[in-house]
Amino acid sequence: MKKYIVLTLALITLWSCKKEDTVNYVLLSGNIGNTKGGSLKISNALNGFSKTINVMDNGVFSDTLYIKENGQYEFRYERGRVHPYLSMGDQVNMQVKDVKEFLGTINFEGNYSEFNNFIAFLDREDFNFRVDQKETYNMGEADFEVNIADFKKRMESKLDAVSKIPEGYKSKQLRAIEAKRIRLKSIYEVIYARLTDNKDFKASDAFKKEVEAFDFNNEEDYKSSADYRDMVFFHLMDKVNASEPKDIQSYREARKKVLSEINSEVIRNGELYRSISGGLQRSEDKEKVVNEFLSASTNEGHKAAVLELFKLLKVLDPGQPSPKFVSYENYDGSTTSLDDLKGKYVYIDVWATWCGPCKAEIPFLKEVEEKYHDKNITFVSISTDKQKDKQKWKDMIKEKELGGIQLITDNDFNTSFISGFKISGIPRFILLDPNGNIVQANAPRPSDKKLIELFDSLNI
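Please read all numbers here as calculations on a predicted model, not as lab measurements.

> Before we move on, can you summarise the overall build of the protein chain with the specific residues and values?
A count of helices and strands for the protein chain gives 18 helices and 17 strands. Over its C-alpha trace the protein chain gives a radius of gyration of 25 Å, about what one expects of a compact globule, namely 23 Å for 460 residues. Counting over 460 residues, the protein chain shows a buried share of 44%. Considering only residue pairs separated by 6 or more positions, the protein chain has 63% of its internal contacts joining residues 24 or more positions apart. In the structure as shown, the protein chain presents an accessible area of about 24,400 Å², 50% of it carried by carbon and sulfur atoms. Charge centroids of the protein chain, computed over 68 positive and 72 negative side chains, lie 3 Å from each other.

> I'd love a proper account of the confidence of the model for the protein chain, names of residues and values included.
With 95% of its residues at a pLDDT of 70 or more, the protein chain shows a mean pLDDT of 91. Helix α1 (residues 2-21) is the least confidently modelled element of the protein chain, averaging 41 in pLDDT, while helix α4 (residues 141-160) averages 98, the highest of any element. Of the regions scoring below 50 in pLDDT, residues 1-21 engages in zero contacts with residues more than four places distant in sequence or in other chains.

> Provide a residue-level description of the state of the cysteines, including the pertinent values.
Summed over all chains, the structure comprises one disulfide. Note that Cys355 is cross-linked by a disulfide to Cys358, the S-S spacing being 2.3 Å. One quick way to see it: the torsion about the S-S bond of Cys355 and Cys358 is about 80°, and its sign makes the bridge right-handed. The pair Cys355 / Cys358 is uniform in exposure class, with both members buried.

> Could you give an account of the pairing of strand β6 (residues 74-77), naming the residues involved and the relevant values?
In this sheet, β6 lies alongside strand β2 (residues 38-44) in antiparallel orientation, the contact comprising four bridges. Within β6, the position partnered with Lys41 by the bridge is Arg76. Remark: two residues form the turn of the hairpin made by β6 and strand β7 (residues 80-82), two consecutive strands paired antiparallel; Glu78 in that turn has positive phi of roughly 50°.

> How would you summarise the sheet that holds β7 if you had to cite specific residues and measurements?
Pairing is antiparallel in the open sheet, where four strands are placed in the order β3-β2-β6-β7. Lying at the two open borders of the sheet, with one neighbouring strand each, are β3 (49-55) and β7. If you compare each strand with its neighbour and ignore which way they point, the axes differ by 15° on average. In this structure, β2 lies alongside β3, joined through seven bridges in antiparallel fashion.

> Just give me the short version of the packing of helix α11 (residues 265-279) against helix α13 (residues 300-313), but keep the residues and values in it.
Closest axis-to-axis distance for the α11/α13 pair is 10 Å, and the angle between their directions is 10°. Compared by their axis directions, α11 and α13 come out roughly parallel. On the side of α11, the interface is formed by Asn269, Gly270, Tyr273 and Ile276, while α13 contributes His302, Ala305 and Val306. A per-class count over the contact of α11 with α13 returns four nonpolar, three polar and no charged.

> Now, about the packing of aromatic side chains: what can you tell me, with residues and values included?
Note on aromatic pairs: each is described by the distance of the centres and the angle between the planes. For the structure on display, the rule yields 28 aromatic pairs. Measuring from centroid to centroid gives 5.1 Å for Phe417 and Phe421, while their planes differ by 65°, and the two rings are edge-to-face. Exposure remark for Phe421: the relative accessible area of 0% places this residue in the buried category. Members of the aromatic cluster, each reached through a chain of ring pairs, are Phe129, Tyr137, Phe144, Phe151, Tyr188, Tyr192, Phe201 and Phe207. Stacked on the ring of Trp354, the Lys or Arg Arg79 has its end atom at 4.2 Å from the ring centre. Between the NZ or CZ atom of Lys185 and the centre of the ring of Phe207, over which it lies, the distance is 4.7 Å.

> An account of the pattern of salt bridges is requested, with residue identities and associated values reported.
Counted according to the given criterion, the structure contains 30 salt bridges. When the shortest N-O distance is used, the salt bridge between Asp317 and Lys314 registers 3.1 Å. Its relative accessible area of 19% is what places Asp317 among the buried residues. Note that Glu361 is salt-bridged to Arg445, the shortest N-O span being 3.8 Å. Of the two residues, Glu361 sits in the loop between α14 (356-360) and α15 (362-371) while Arg445 sits in the loop between β17 (438-440) and α18 (450-457), which places them 84 residues apart along the sequence. Since its relative accessible area comes to 7%, Glu361 is described here as buried. Since its relative accessible area comes to 35%, Arg445 is described here as partly exposed. Here the salt bridges share partners, and the residues they tie into one network are Glu145, Lys152, Glu156, Glu178, Arg181, Lys185 and Glu210.

Analysis parameters
Numbering of residues starts from 1 in every chain and runs along the sequence as written. The predicted nature of this model means local features are confined to residues of pLDDT at least 70 and side-chain atom pairs, given and counted, to a pLDDT of 80 or more, with totals for whole chains, interfaces and linings taken over all residues. Values shown for side chains rest on all heavy atoms present in the structure; no hydrogens or waters enter the calculation. The secondary structure listing takes helices from DSSP runs of H or I that are at least 4 residues long and strands from runs of E that are at least 2 residues long, numbered from the N terminus. We take the radius of gyration over the C-alpha atoms and set the globule estimate at 2.2 Å times the residue count to the 0.38 power. Exposure classes here rest on a 1.4 Å probe applied to the protein chains alone. A residue is buried below 20% of its type maximum, exposed above 50%, and partly exposed in between. We call two residues in contact when some of their heavy atoms are within 4.5 Å. Only the protein chains shown count as cover for residues, and the accessible areas themselves come from Shrake-Rupley with a 1.4 Å probe. In this tally, Lys and Arg are treated as positive and Asp and Glu as negative; His is ignored, and so are the chain termini. Where a charge sits is defined by one atom per residue type, namely NZ (Lys), CZ (Arg), CG (Asp) or CD (Glu). A residue's pLDDT is the confidence the predictor assigns to it, expressed on a 0 to 100 scale. We call a pair of cysteine sulfur atoms a disulfide whenever their separation is within 2.5 Å. A strand pair is defined by DSSP finding two or more bridges across the two strands. Fitted lines through C-alpha atoms give the axes, limited to the stretch in contact for helices. The angle between two N-to-C directions lies from 0 to 180 degrees. An angle counts as roughly parallel when it lies under 35 degrees, as roughly antiparallel when it exceeds 145, as roughly perpendicular when it falls between 65 and 115, and as oblique in every other case. Residue polarity follows a fixed list, in which Ala, Val, Leu, Ile, Met, Phe, Trp, Tyr, Cys and Pro are nonpolar, Asp, Glu, Lys and Arg are charged, and the others, Gly among them, are polar. To pair, rings of Phe, Tyr and Trp, with the six-membered ring standing in for Trp, must have centres within 6.5 Å; the planes then decide the type, stacked if under 30 degrees apart, edge-to-face if over 60, and tilted in the middle. A ring is considered to have a charge above it if a Lys NZ or an Arg CZ atom is located within 6 Å of its centre and within 35 degrees of its normal. Should a side-chain nitrogen of Lys or Arg be within 4 Å of a carboxyl oxygen of Asp or Glu, the pair is scored as a salt bridge.

Below, the structure is given as structure tokens:
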């Protein structure tokens, strides 16, 4: 009997060790101050991981993340973004004192907290550099070279002070900081031309030499640096645009060709995934796009993520019931629900007062509204402005003499209607039929002549 007990204990010990060795989750918790709740989105574009965590009305959140591999993951909440390091078995706590100052008030606790607070510092300094363009870009080439060199030194010095860094990550971060310096330099010409109101400004050949000599085929840098990936993305965009596509179809074909010519499997997979992640919602033939992606990609994590996204987007196919909004506040103080609008087609504009592309569509929208004011269609504009900016929303409606039904959500982007339509960027236009079913979840913009063609095809 004793022999069996010893054997059993040995097996339990072995099983326990094996279980511990295969832990593949992170225990995440935290609190976000000055919020009414919403969605914390966590993702890793390199392996296809994606999860949305509910943040309660008091800002508290907690969840278990079954990550696919150790590395940096993007945390996105409203307009705040940070890229902490997660490793299997970690306990990570994220505290944000004020959501309005997301990067300025964030603090990580738990495993690798010192390193993650460095990452938050780096993200904040990078954000400030890009936002404060009059301070950081409005200078001559020589001064700007000094400016970005100083920026790099400050980041390196901050990194040197971190005592505990994940194995191999110091060298990765040093290379990522260098890629960030080059990325900041690569957009100097465009920003300086705008700041000085000199559309003909061109940076010197000597200044641009370093950017033009950039190596776009380094897989390790691609995996460890978001700035490096951005450099690759815009380099590929330039190659696509060089083919001068005449319409959206020829643009897609040109992009497909450029992506297929990437030698690195890692980079090709990454850019294929980036392309479909942003474009699948807008595609008119999602099944075709997904099948093309599955044939081109060799990354199983990306394939699984795209199939899951395709599955989620199926609920937005034509003929499906529309996600609903209930009792959104109207400009005149009353409330409107989607069910109130049944009986006519409904064209919905999701926008915000701070969104430049949204405001650019206003003149075109007013023209379309005027043309169809007595037809079988209702025009609805839904603002995703925060409740604290409600007066700004009302002022713009009055100033721009906006027509149609003007509504504002009850919690900016954090509403079931916005999440139901998988809206991650605005403006977004939606067309519903008189029964409240989806005609197009991503309808043409007012500035697009295809909108009138669509209306005509429906005899509106």
